[in-house]
Structures are given as structure tokens and as C-alpha cells.
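Notes for the structure review
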Amino acid sequence: STKVQITGDVASRVPVPVPHVVDLARKPNGAAGAASGGVGVNQPFVSAHFDHLRLVIQNPIADMCMIGVLVLVGDALPDHLSDHIPTELHVHDRVIPTQPGVKRWYSLPLTNEEVLLSDKELVLSTLGCHTRGNLPTIDQVEVFAMRKDKFGWAEK
């Protein structure tokens, strides 16, 4: 599997042992799919700023297009983990409010227009936490993609 690259204003990726980890990867066979799993270490994205977190997901494969992401919040930091949940997730012009104190996966499928705009990269950002004074944290990100010919890229 090929891995996407994620960059941004992240202060650290704190290793936290978990029984199952998902690599940020895509299945190159054309099927819409996410990452492969395995045993290892979960490394959440901890912001360097109290008021936001910005991740840039880069697509290194020219014949693939990103079609959505799953974002987990409220899981990775053992002490007061829910205190680091961002108030909102942002992708393109959409704002997805989160629930304070609730560990949850947020599904962010991209519209056809958003897929076309996210050819090389996709920006996922947040605002500050529900609990002021804490650094926003995204625990895991799964990127979904498919081959451009299966998506109908040329026709769109």
C-alpha cells in the first residue's frame, strides 16, 4: 500500500500504545478503501496552537483521487482525553461541529467538486478545544481514495 503524507502545524505526535493501528494508506486496486491495519503505536496529531490545528493530506499518486476521510477525536490522550476534542472540523467550506466529551469517528465524504479540488492535497483543520486552554488533538485519520478512471475523473 502507498501512504499519504500529512504535514501541518503539529507540535508533536505522542506515541500511545493501542491494540490496533491504521496506517494512512490507500488500496491501489481501484476499490474505494482505506488503510491497512496492524499492531503498533497510535500517534495522535497534537496542535502547536491553542486556537486551531491544520493538517495537509498530500496525495502522491497521480492516478488516484481522495474521496473522503474519517477522523477520530477523543481517544488518544489517556488523561482528560475528551478535553482535547476540537470544537469543529473543517474540510473545504464545510464545518462539522463535534460533541464535547465524546470519543467519535467523524465521516467526511467529499462531494464530486471537492474531490476535483483535492487532486494533490486536502486540508483538514479545526478550531480550538471545547475545554479552553488545551491543544486540539486529532487521534487518527483514515484517507479513502479510488482510481481516477473508476471515479470518472476525465468526464467531470
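Shown above is the structure to which this text applies.
A brief report on the enclosed structure follows.

Parameters and conventions
- Residues numbered from 1 in each chain as written.
- Predicted model: local features only at pLDDT ≥ 70, side-chain atom pairs only at ≥ 80, totals over all residues.
- Heavy atoms only, no water.
- Helix = DSSP H or I, 4+ residues; strand = E, 2+ residues; numbered from the N terminus.
- Polar contact = N/O pair within 3.5 Å; in protein donor to acceptor, adjacent residues only side chain to side chain.
- Contact = heavy atoms within 4.5 Å.
- Pairing = 2+ DSSP bridges.
- Axes fitted to C-alpha atoms, helices over the stretch in contact; angles between N-to-C directions.

This part takes up the side chain of Glu114. Among the structural elements, Glu114 can be located in helix 1 (residues 112–117). Within polar-contact distance, the side chain of Glu114 engages the backbone nitrogen of Thr111 at 2.9 Å. Sequence-distant contacts of Glu114, that is, excluding residues within four places in its chain, are made with Val91, His92, Arg94 and Pro109.

Next up on the list: the sheet that holds strand 2 (residues 5–8). Strand order in the open sheet made by the five strands is 2-8-13-10-11, with antiparallel pairing throughout. A single partner strand is all that each edge strand has here, and the edge strands are strand 2 and strand 11 (94–97). Taking the axes of each pair of neighbouring strands and ignoring which way they run, one obtains an average angle of 20 degrees across the sheet. Bridge count between strand 8 (residues 52–58) and strand 13 (residues 121–127): seven bridges; the pairing is antiparallel. Its bridge partner being in strand 13, Gln58 is matched across the sheet by Glu121.

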